[in-house]
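# Examination of the molecular architecture
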Amino acid sequence: MMLDRETWRRNLESICLPVGALLLSLVLFGLFCAFAGANPFGVYESIYTAAFGSSRAWQNTLIRAAPLMLTSLCTLLPAHLGLTIIGNEGALVVGGLGAIAAGLTLQGNAPLVVQIGMALAALICGGVWIGLVGFLRHYRGVNETISSLLMNYIAIALLNHLVSGPWRDPSSLNKPSSFPIANADLLGTLPGTRIHYGLVYGIIACVLAYILIKRTTFGFAARTAGGNIRAARIAGLPVGQLTLAICFLAGSCAGLAGMVEVAAVHGRANESLNANYGYSGILVAFIARQNPLAATAIAVILGGILTSGGILQRAHNLPDATVLVFQGIVFLVVMYSESLFGRLSIFKERPGTRKVKPAAVQV
Amino acid sequence: MNTTLTHQSHTEVLVPPELEVVRMTKKFGHLTALDDVSLHLRPGTFHALLGENGAGKSTLVKCIMGFYRPDHGDVIVDRHSRTIDSPRDAHRYGIGMVYQHFTSVPAMTVAENLVLSRYETSNFINWKQELQALDTFMETAPFQVPLSTPVSQLAAGQKQKLEILKQIYLKARILILDEPTSVLTPQEADEVLGLLRETVTQGRLSVLIISHKFREVTAFCDEITVLRKGKFAGTGLVKNLSIADMSEMMMGERRQPKPVHKTTHLQQNPILQIQQLHAHKDNGAEALAGLSLTVQSGEILGIAGISGNGQRELVEVLAGQRPATQGQILVNSEVYRSTRAEMYRHRVYTLPEEPLRNACVPHMSVAENLALRTFDRPPQSKAGVWLVLKMIRQMAAGLIDTFKIKTPSAETPVGNLSGGNVQRTVLARELSSERIQLLIAANPCFGLDFAAVEDIHGQILAARNQNVAVLLVSEDLDELLKLADRITVMSEGRLVYESAIAEADFATIGRSMAGH
């Protein structure tokens, strides 16, 4: 974002409103817990301890944050083109399937080759999956939100079919799974921690996304097309190509999250892939106001909250799903706070006091 | 039930009220939309309100209907001065209006729409009773529409009939129609107007119709009132007037355009050639019907015409916002498909109408909007990939200064600026390049004040004098007469008149515009 001394009010607004929304959600969640018979302050404390209270808690949080960063990009990138895509879960699952197929096929090669193969397969599978949504949107006029949502179900059905049928490892009895990836081919952990390299992928992907959107001509063209498609056409920008490219990139990020889950967490493909990281990624993108750098921080916070599900059950006798209630409250309040942008007078831009300095430019 | 009975028994005796507008003035800020205008609608007559676009016709009827409050003047109904603050007040005095666009609910039936349109509704509807009343109403109505059909299944002509029926159902005795035939085929238009004419002849209704079409006026109307640039320009009985008289009233005496300095170019090359171009409107109807034209370098080709005859679609096709269905566009004798590369190679720039909607991204900054043409070229980008934000900012600061764009800062979203400054932003972007070869401008001065208009005219002329080919589409005939080297008239998707500006025949232009 181009920073300027006169725009600090608007920048402040884009920080204050989401933070305020998070705080308000905490209050509402506290009320909910009080009704459910728990002490809200005790609950806050437990969440904090479980998420950020110790080195071990931090590691758990960051392990969960990694796929959230990647899946959030699946909503975030198309949002700059004016598309609302919620097919993150499907792209993650398809990416995971691509990764397991590549991982098993390439077995026996050097681990790095296998890992690169898995990553590429996941990127392509996820990319094509959401690219298809973009294609339907641009060339056939199909609503991208609905089609991406429905494609989630197709992806999950495909996963269940493959792991309980053609790809099933006969030794997986209770939980139908694919054959496992060789231990040597699994993604390693950061030195001295249990955190796998997926976190690095997530951070790199978010930084790249930020650069792509804000600092490249491609991002400029995408933002133009997202802001006003008529203006983009008058400037001759290729709207169809932009749509396909952005959707492909978005899907490939979520697909990579699937690869991380397969190659670093589960070691095989099964229904655990479908662990709602995709849906939580939508939430991350919205709270981050579609800013990829903010998404990294939000993913950590949300990862922490997800981690604390178990302790709420053990320490406060609240159901395990309580964290989902919290997520739901956050979503609603964040959506509401979106409607406040530009409405609060303290954030309104004042007429410039400083004259814009004319630069020596030939026009 | 009672109401229908009285309605029926009164139709024979009840004469429509007399409507007079006396010396009405309406200002919007500095703009005087209506200046001391009077109009007299005699009971039981078919009266046409004529004028070019922007002459004040819509403002006048909106004042009568109570949408606007006039600054001066009176509305007199049956010799009593009335204050009309809302369409509901107008309805009380028996005045109803039919708008250019349909106002019925497509998913509901004709009967449901009619009942819905009533001002006084109860919470419960006795459908048996209502349908009986509606049947009786339909028998006496000037035209019939099947009551149980959903509106979405009606043809355009029937929908327009329903809009008119609605007002008669609401017992309007004075019907105001705002260009009711613009959405109809000529056959449908003749049928609707013919049946209305009969009702008027029977003395059951008065009609005030806004129209551009002389054919309809001469065929159906008794009397006309003409407005020109917000002023009263004349009135008279249709039988005493020729079409030439009417078009002269509408356009006024030929005003000598203010002399402008035009350099003569010795050598001119065809820059833009359009061959047999076809395109559709949004609703799939034909907008361009095989239009052909050529614009030479160093000339301004003006396209006149009443809005809705395909001008907007033509500009959209040229700007790349609408696909052509047939025909081709050549720029410098090469096929032109409005891609970014072609725009750059042939140096094509566009000033569309409604710049905020057509040429700006409202939430992006003024600087970014100014960079829309150049962001992927050096010095604003490196290798066509990286944005050089410093150069973008620098160029913006320069343009803001040169083109006097009033903005709090270069980082302000362009949607926060006033209309005039949005227009300047687009102008700065499109005209600042020194390498323009073809400029497409559509109503570039719409809604701007006098000084800004002079400024923009100067810029367009300067471009022409530097050998730029200019296609100027405008609804303002004075603007075209002042700037253009050749003038053409567009009607129903094709050019129906063309002449060099020196030989332009004013009366013929007026008649071609009105589709005569």
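This is a predicted model, so every value here is computed, not measured. (Residues numbered from 1 in each chain as written. Chains lettered and ligands numbered in written order. Predicted model: local features only at pLDDT ≥ 70, side-chain atom pairs only at ≥ 80, totals over all residues. Heavy atoms only, no water.)

### A closer look at a nonpolar patch on the surface
Residues and elements named next belong to chain A. To keep things clear, this is the line we draw: Patches here: salt-bridge-free residues with over 30% relative accessible area, like charges joined within 9 Å, nonpolar side chains (Val, Leu, Ile, Met, Phe, Trp, Tyr) joined within 5 Å. What sets the accessible areas is the Shrake-Rupley method with a 1.4 Å probe; for residues, cover comes only from the shown protein chains. Salt bridge, as applied in this entry: a Lys or Arg side-chain nitrogen positioned within 4 Å of an Asp or Glu carboxyl oxygen. Counting from the N terminus, the helices are DSSP H or I runs at least four residues long and the strands are E runs at least two residues long. Exposure is judged per residue with a 1.4 Å probe applied to protein chains only, and the accessible area is read against the type maximum: over 50% gives exposed, under 20% gives buried, and values in between give partly exposed.
Side chains of Leu112, Ile116, Leu120, Ile124, Val128, Phe248 and Leu249 sit close together on the surface and give an oily, nonpolar patch of about 620 Å² of accessible area. Secondary-structure elements contributing two or more residues to the nonpolar patch are α5 (111-140) and α10 (239-266). Ranked by the residues each element gives to the nonpolar patch, the list is headed by α5, at five residues. Structurally, Ile124 can be placed in helix α5. Residue Ile124 is classed as partly exposed on the basis of its relative accessible area of 47%.

### Topic: the pairing of strand β12 (residues 286-296) of chain B
In the case of a regular strand, side chains alternate between the two sheet surfaces. Residue and element names in this part refer to chain B. Let me state the cut-off plainly: Here a strand pair is declared whenever DSSP counts at least two bridges between the two strands.
Strand direction decides the pairing type here: strand β11 (residues 270-280) and β12, joined by eight bridges, are antiparallel. Residue pairing in the sheet places Leu272 in a bridge with Val295 of β12. Between β11 and β12, which pair antiparallel in sequence order, lie five residues; one of them, Gly284, sits at a positive phi of approximately 90°.

### Examining the side chain of Ser433 of chain B
All names here are of chain B. We apply this condition: Under the rule applied, a polar contact is a pair of N or O atoms within 3.5 Å (in protein, one hydrogen donor and one hydrogen acceptor; residues adjacent in sequence only if both atoms are side-chain atoms).
Following the sequence through the fold, Ser433 ends up in the loop between α15 (419-431) and β19 (438-442). Looking at Ser433, the relative accessible area reads 19%, which means it is buried. Here Arg435 takes part through its backbone nitrogen, which lies 3.0 Å from a polar atom of the side chain of Ser433.

### Some words on the interface of chain B and chain A
Put simply, the test is: In what follows, residue pairs with any heavy atoms lying within 4.5 Å of each other are defined as contacts. Accessible-area loss on putting two parts together, using a 1.4 Å probe and summing over both, is the definition of buried area adopted here.
With 49 residues of chain B at the interface, the matching set in chain A holds 35 residues. For the chain B and chain A pair, buried surface summed over both sides reaches about 3,500 Å², with 64% attributable to carbon and sulfur atoms. Considering only the surface of chain B that becomes buried against chain A, Leu387, Leu389 and Glu411 of chain B emerge as the three largest contributors, covering 16% of it. Where chain B packs against chain A, one counts two salt bridges. Residue Glu368 of chain B pairs with Arg223 of chain A through a salt bridge whose shortest N-O separation is 2.7 Å. Between the two partners, chain B and chain A, sit 14 residue pairs in polar contact (both at pLDDT 80 or more). Secondary structure elements with two or more residues in the side of chain B that touches chain A: α10 (311-319), α11 (340-346), α12 (355-358), β18 (386-387) and α14 (389-402) of chain B. A per-element tally of the side of chain B that touches chain A places α14 of chain B first, with ten residues.

### Regarding the nonpolar core
Convention followed: Only buried residues count toward a nonpolar core, which is a set of Ala, Val, Leu, Ile, Met, Phe, Trp, Tyr and Cys residues joined through side-chain atoms within 4.5 Å.
Grouped together as the largest cluster of nonpolar side chains are 202 residues, with contacts concentrated most on Met259 of chain A together with Ile164, Leu175, Ile224, Leu370, Leu477 and Ile487 of chain B. Per-element accounting of this core gives the leading share, 13 residues, to α10 of chain A. When neighbours within four sequence positions are excluded, Ile487 of chain B is seen to be in contact with Gly302, Leu477, Leu480, Leu481, Tyr497, Glu498, Ser499, Ile501, Ala504 and Ile509 of chain B. Counting residues in each nonpolar core, the second largest holds 27 residues, with Leu288, Leu301, Met343 and Ile440 of chain B among its members.

### Describing helix α6 (residues 156-169) of chain B
All names here are of chain B. Selection criterion: Given a helix with a known number of residues, its expected span is that number minus one, times 1.5 Å.
Along its 14 residues, α6 runs 20 Å from first to last C-alpha, staying within 8% of the 20 Å computed at 1.5 Å per residue. Regarding α6, the residues found buried are Gly157, Gln160, Lys161, Leu162, Glu163, Ile164, Leu165, Lys166, Gln167, Ile168 and Tyr169. One or two steps after α6, the chain reaches Lys171, where phi turns positive at roughly 65°.

### Observations concerning the packing of helix α11 (residues 277-287) of chain A against helix α12 (residues 292-307) of chain A
All names here are of chain A. How we decide: A fitted line through C-alpha atoms represents every axis, and for helices the fit uses only the stretch in contact; the resulting angles, taken between N-to-C directions, go from 0 to 180 degrees. Reported orientations rely on four angle classes, namely roughly parallel under 35 degrees, roughly antiparallel over 145, roughly perpendicular from 65 to 115, and oblique for the rest. Here is the rule for handedness: rotate from the far helix to the near one, and if that takes an anticlockwise turn smaller than a right angle the crossing is left-handed, while a clockwise turn gives right-handed. Any residue outside Ala, Val, Leu, Ile, Met, Phe, Trp, Tyr, Cys, Pro, Asp, Glu, Lys and Arg is labelled polar, Gly included; the first ten of those are nonpolar and the last four are charged.
Put simply, α11 and α12 touch, their axes get as near as 9 Å, and they point 135° apart. Considering their axes alone, α11 and α12 lie oblique with respect to each other. Between α11 and α12 lies a crossing whose hand is right-handed. From α11, Tyr277, Ser280, Leu283, Val284 and Ile287 reach across to α12, where they touch Ala295, Ile298, Ala299, Leu302 and Leu306. Taken together, the residues of the contact of α11 with α12 sort by class into nine nonpolar, one polar and no charged.

### Brief notes about helix α13 (residues 309-316) of chain A
All names here are of chain A. As a reminder of what qualifies: It is the directions from the helix axis to the C-beta atoms whose arc is reported.
Looking at α13, one finds that the buried residues are Gly309, Leu312 and His316. The buried residues of α13 occupy an angular sector of 75° when the element is viewed end-on, so they sit on one face. Seen from the buried face of α13, the exposed residues on the opposite side, beyond 90 degrees, are Arg314 and Ala315. In the stretch just after α13, Asn317 is the one whose phi turns positive, near 60°.

### Description of the pattern of salt bridges
Scanning the model with the defined rule gives 29 salt bridges over all chains in all. Here Glu18 of chain B and Arg79 of chain B are joined by a salt bridge, their closest N and O atoms 3.4 Å apart. Here the residue Glu18 of chain B occupies a position in the loop between α1 (2-11) and β1 (19-28), and Arg79 of chain B occupies one in the loop between β4 (72-77) and β5 (80-82), the gap between them amounting to 61 residues. The exposed category is assigned to Arg79 of chain B, whose relative accessible area is 65%. Put simply, Lys166 of chain B and Glu163 of chain B hold a salt bridge, and the shortest N to O gap is 3.9 Å. Of the two residues, Lys166 of chain B and Glu163 of chain B both sit in helix α6, three residues apart, roughly one turn of that helix. Several salt bridges share partner residues, and in doing so they unite Arg230 of chain A together with Asp282, Glu316 and Arg322 of chain B into one network.

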